Amino acid sequence: MIQLHGVAKRYGPTVALHPTDLAVGRGDVLALLGTSGSGKSTLLRAVLRLVVPDAGMVAVDGVEVTDATALEVRRRAGYVIQGGGLFPHLTARGNAGLLPRHLGWSDARLDARLAELAELARLAPDTLGRFPAELSGGQRQRVALLRALVLSPDVLLLDEPLGALDPVTRDGLQRDLAGIVADLGTTVLLVTHDLREAAVLADRVAVMDGGRIVQRGRLEEIADAPATPFVEAFVEAQRYALP
Ligand code: ADP
Ligand code: MG
């Protein structure tokens, strides 16, 4: 479970995040929606303390995220960013195996885990030996997902994980990701500006505008009764994408 109480962040005169409360229950999938610059990544990164909040408290599965606990929390979390963020000089296997190797896993254990995850993420086994430049965008995101899942994380933080993909590739991976998340029962915080992605993946959504969560609930509720003119415009611009 992920909890934020009064978490705030500013950069000089820019308020990236006003004091914000949020809770994602164990096994729930919450999508943070909003336009670019609304504070979505700041909120997500604050969970891993990649952004150190100016105020407030973050907890993951009951552990308060502080300087002292940040590494432990990151180790129990999977994090996927747009484009995958893979190391170009490492193969897919090298990327996905980085942390397990650091923890002293044997080759056999790593290979068994990667084979299992490759099947789950529908990634052909031969792609594991390739470098990121030798993979398609969709394959790179699948490898990034493997890397995020390899240590069986309790929480998954996804920051526009499918944002850099073409619509066809994105649709396929969206459906696969929904299946994976449902199978694993992981707690997920997903950042997206794509209503369809939220519809496919999320139980609940929170819409951000100007560093604040301006509405939260089920996507249908928000689409039917937008709380602010911004939410209304945001929904209208993508109404075609709603189920
Ligand atoms: P989103 O992910 O919704 O696009 P961000 O959380 O990345 O938004 O950014 C929110 C605001 O904070 C934006 O105005 C952005 O320019 C600003 N911001 C984010 N990170 C930094 C940083 N490291 N330094 C200065 N300003 C930042
Ligand atoms: Mg962002």
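If you're wondering where the values come from, they're calculated on a predicted model, not measured in any experiment.

Participant: Explanation requested: the pattern of salt bridges in the structure shown.
Facilitator: A side chain with one charge may pair with a side chain of the opposite charge, provided their charged atoms come close. Enumeration according to the criterion identifies 17 salt bridges in this entry. Where R49 meets D67, a salt bridge forms, and the shortest distance between an N and an O atom there is 2.8 Å. With R49 in the loop between helix 1 (40-47) and strand 4 (55-60) and D67 in the loop between strand 5 (63-64) and helix 2 (70-75), the pair connects residues that are 18 residues apart, well separated along the chain. Between E236 and R239 there is a salt bridge, and its shortest N-O distance comes to 2.9 Å. On the basis of relative accessible area, E236 is assigned to the partly exposed category, the value being 43%.

Participant: Any chance you could explain the UniProt feature "domain: ABC transporter" (unreviewed entry) in the protein chain here in plain terms?
Facilitator: Here, UniProt's "domain: ABC transporter" (unreviewed entry) annotation points to residues 2-235. Annotated as residues 2-235, this span is 38% helix and 26% strand, and its ends, taken at the C-alpha atoms, are 26 Å apart.

Participant: So what exactly am I meant to see when it comes to the confidence of the model for the protein chain here?
Facilitator: Reading fine detail from the predicted coordinates is not recommended where pLDDT is low. Summing up the model confidence of the protein chain, the mean pLDDT is 93 and the portion of residues at 70 or higher is 100%. Per-element mean pLDDT across the protein chain ranges from 85 in helix 7 (residues 167-184) up to 98 in strand 1 (residues 2-11).

The rules behind the values
Per chain, residues are indexed from 1 in the order of the written sequence. Labels are handed out in written order, letters beginning with A for the chains and numbers beginning with 1 for the ligands. Where local features are concerned, this predicted model is filtered to residues with pLDDT of at least 70; where side-chain atom pairs are given and counted, the filter is 80 or more; whole-chain, interface and lining totals use all residues. As a convention, hydrogens and water are excluded, and side-chain values are obtained from all of the structure's heavy atoms. We define a salt bridge as a side-chain nitrogen of Lys or Arg found within 4 Å of a carboxyl oxygen belonging to Asp or Glu. Comment: elements are numbered from the N terminus, with helices defined as DSSP H or I runs of at least four residues and strands as E runs of at least two. Whether a residue is buried, partly exposed or exposed follows from its accessible area with a 1.4 Å probe, protein chains only, as a fraction of its type maximum: under 20%, in between, or over 50%, in that order. UniProt positions are given in the numbering used here, feature names are shortened, and annotations may be inferred rather than shown by experiment. Confidence of the predictor at the level of single residues is given by pLDDT, which spans 0 to 100.

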